[in-house]
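Analysis of the macromolecular model
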Amino acid sequence: VHEEPQVEASVLSIKPRGARVICSEATVNGWLKLAGERGWMLMSLYGASPGLEEAARLLGGPADLVVEDYQPQGMCCLEVLAPVGTAVRQAPSERARALAMRRPGELVFAHTQSFDGWVRLSGEAGWV
């Protein structure tokens, strides 16, 4: 478990094989943010350590991830497709306060996502 979602970040703890954790969000390059405790875990080691390619597995059915594919650069570009645009929210919830609006066709950049269809924007506060 690292302090930040980067291999170079300080190690806070080590989880034993088979340990179950609850995560609140995931980066688009494979880090899971722990819920209820500090830190981030890497979901996959992508061949960095033979036999340990899968460091963590999501349980409980399929997650509703906006960005399903691994993005090695840690960020992805998304286009707003909603015909009326979309609100940038303070938190990943329709009830959260709207901070701004994005128009149809506008591009946004995201680096993390929730497990229920929200992405956290990069370079600005908010979720869409």
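Overview of the structure. (Residues numbered from 1 in each chain as written. Predicted model: local features only at pLDDT ≥ 70, side-chain atom pairs only at ≥ 80, totals over all residues. Heavy atoms only, no water.)

1. A closer look at the overall build of the protein chain
- The secondary structure content of the protein chain amounts to 0 helices and 8 strands.
- Traced from its N-terminal end to its C-terminal end, the protein chain shows the element sequence β-β-β-β-β-β-β-β.
- The buried share of the protein chain, taken over its 128 residues, is 34%.
- A total of about 8,200 Å² of accessible surface is found on the protein chain, and carbon and sulfur atoms cover 53% of it. (Helix = DSSP H or I, 4+ residues; strand = E, 2+ residues; numbered from the N terminus. Buried < 20%, exposed > 50% of the residue type's maximum accessible area, 1.4 Å probe, protein only. Areas by Shrake-Rupley, 256 points an atom, 1.4 Å probe, with all protein chains shown as cover.)

2. Quick look at the nonpolar core
- Judged by nonpolar contacts, Val28, Val67, Cys76, Val80, Val88, Val108, Ala110, Val119, Leu121 and Val128 together constitute the single largest core of 10 residues.
- Secondary structure elements with two or more residues in this core: β7 (107–113) and β8 (119–121).
- Contacts of valine 28, omitting those with residues within four sequence positions, involve Val67, Asp69, Tyr70, Gln71, Gly74, Met75, Cys76, Ala110, His111 and Gln113.
- Ranked by size, the runner-up nonpolar core spans 6 residues in total, among them Val1, Cys23, Leu32 and Met41. (Core = buried A, V, L, I, M, F, W, Y, C linked by side-chain atoms within 4.5 Å. Contact = heavy atoms within 4.5 Å.)

3. A short note on the environment of valine 66
- Within the element layout of this structure, valine 66 appears in the loop between β3 (40–42) and β4 (76–79).
- Exposure remark for valine 66: the relative accessible area of 40% places this residue in the partly exposed category.

4. Focus on the state of the cysteines
- Tallying each qualifying case throughout the model produces 0 disulfides.
- Counting only cysteine sulfurs, cysteine 76 is the nearest neighbor of cysteine 77, a cysteine outside any disulfide, at a range of 7.7 Å.
- The class for cysteine 77 is partly exposed, based on a relative accessible area of 42%. (Disulfide = S-S within 2.5 Å.)

5. Some words on the side chain of asparagine 29
- Relative to the elements of secondary structure, asparagine 29 occurs in the loop between β1 (23–27) and β2 (31–34).
- Judged by relative accessible area, which is 18%, asparagine 29 ranks as buried.
- Polar side-chain contacts of asparagine 29 include one of 2.7 Å to the side chain of threonine 27.
- Setting aside residues no more than four positions away along its own chain, asparagine 29 makes contact with Leu42, Tyr70, Gln71, Pro72 and Gly74. (Polar contact = N/O pair within 3.5 Å; in protein donor to acceptor, adjacent residues only side chain to side chain.)

6. Digging into the environment of valine 84
- Summarising the element assignment, valine 84 is placed in the loop between β4 and β5 (86–89).
- Once the C-alpha coordinates of valine 84 and arginine 102 are considered, the two residues, 18 residues apart in sequence, prove to be 9.0 Å apart.
- Excluding its chain neighbours within four sequence positions, the residues that come into contact with valine 84 are Met101 and Pro104.

7. Digging into the pattern of salt bridges
- Considering all chains together, one arrives at 6 salt bridges under this definition.
- Two residues, arginine 102 and glutamate 106, come together in a salt bridge whose shortest N-O distance is 3.7 Å.
- Note on glutamate 106: relative accessible area 23%, which makes it partly exposed.
- Here glutamate 124 and arginine 102 are joined by a salt bridge, their closest N and O atoms 2.4 Å apart. One end of the pair, glutamate 124, is in the segment after β8; the other, arginine 102, is in strand β6 (residues 98–102), and 22 residues separate them in sequence.
- Assessed through its relative accessible area of 34%, glutamate 124 is described here as partly exposed.
- One network of salt bridges, in which partners are shared, links Arg102, Glu106 and Glu124. (Salt bridge = Lys/Arg side-chain N within 4 Å of Asp/Glu carboxyl O.)

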